[in-house]
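Residue strings, one per chain:
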Amino acid sequence: MMPHVHLLLGIASVNILAHWGYNPSNLIWFALGSIFPDIDYILNLVIKKKSHRQLPTHFLLLYLLGGLFLGIFGLLSQFLFFLGAIFHIFVDIIDWEINLFAPFSNKPISLLNLDYEKMSKQESFVSFLRSYYRNRKIIFLEILTITVWIWSMIL
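Below, the structure is looked at part by part.

Quick notes on the rules
- Residues numbered from 1 in each chain as written.
- Predicted model: local features only at pLDDT ≥ 70, side-chain atom pairs only at ≥ 80, totals over all residues.
- Heavy atoms only, no water.
- Helix = DSSP H or I, 4+ residues; strand = E, 2+ residues; numbered from the N terminus.
- Buried < 20%, exposed > 50% of the residue type's maximum accessible area, 1.4 Å probe, protein only.
- Axes fitted to C-alpha atoms, helices over the stretch in contact; angles between N-to-C directions.
- Parallel < 35°, antiparallel > 145°, perpendicular 65-115°, else oblique.
- Left-handed = near helix turned anticlockwise from the far one by under 90°.
- Contact = heavy atoms within 4.5 Å.
- Nonpolar A, V, L, I, M, F, W, Y, C, P; charged D, E, K, R; others polar.
- Core = buried A, V, L, I, M, F, W, Y, C linked by side-chain atoms within 4.5 Å.

It is worth spelling out the environment of Val91 at this point. Residue placement: Val91 occurs in helix 5 (residues 76–92). The exposure class assigned to Val91 is buried, which follows from its relative accessible area of 8%.

On to the packing of helix 1 (residues 3–19) against helix 2 (residues 24–35), then. Two quantities define a packed helix pair, namely the angle between the helix axes and the distance between the axes. Viewed as axis vectors pointing N to C, helix 1 and helix 2 meet at an angle of 155 degrees, and their least axial separation amounts to 8 Å. Taken as axis vectors, helix 1 and helix 2 run roughly antiparallel relative to one another. The interaxial crossing formed by helix 1 with helix 2 has right-handed handedness. Counting all contacts with helix 1, which are made through His6, Leu7, Gly10, Ser13, Val14, Leu17 and Ala18, the residues of helix 2 involved are Pro24, Leu27, Phe30, Ala31, Ser34 and Ile35. Among the residues forming the contact of helix 1 with helix 2, the class breakdown is nine nonpolar, four polar and no charged.

In this structure, Met1, Trp96, Leu114, Met119, Phe128, Tyr132 and Ile138 are the most contacted members of the largest nonpolar core, which totals 13 residues. Going through the elements one at a time, helix 1, helix 6 (116–120) and helix 7 (125–132) are the ones with two or more residues in this core. Apart from the residues lying within four places of it in its own chain, the contact partners of Met1 are His6, Arg53, Val91, Asp92, Ile94, Asp95, Tyr132, Ile138, Leu141 and Glu142. The next biggest cluster of nonpolar side chains, apart from the first, holds eight residues, and it includes Leu60, Ile93, Ile98 and Leu100.

Structure follows, in structure tokens:
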């Protein structure tokens, strides 16, 4: 999904968790974690892999191990960061392929199976966005995301 979707879902999750009684000062770590894996987009400008989602910042195993380690030692705010990153990875499975079991398996998983290579060869970023938003499921999911975000703000 697009970065704004990760941010809105991170904020909505924080709002919902705060409504359920979790400490809002710790929850900011969840929101940061929910956007963190896309830092590899910048790194990918140098490395030039097919997709930034093939880089270690999109390896679910790293976040599971990090979260487990921090959870065992009771470091709640840092644990929430890793939980947010795990949430990011699962949201990414929706549109383009994620190697969910990397580095042990390169078998990609995706729900909508959008063709990233074809779309990334567009002439411009605007053309890329047009191609991306031709998929009505993406539009529905983004409207749903905005609705959940608004609902979480009203809580």
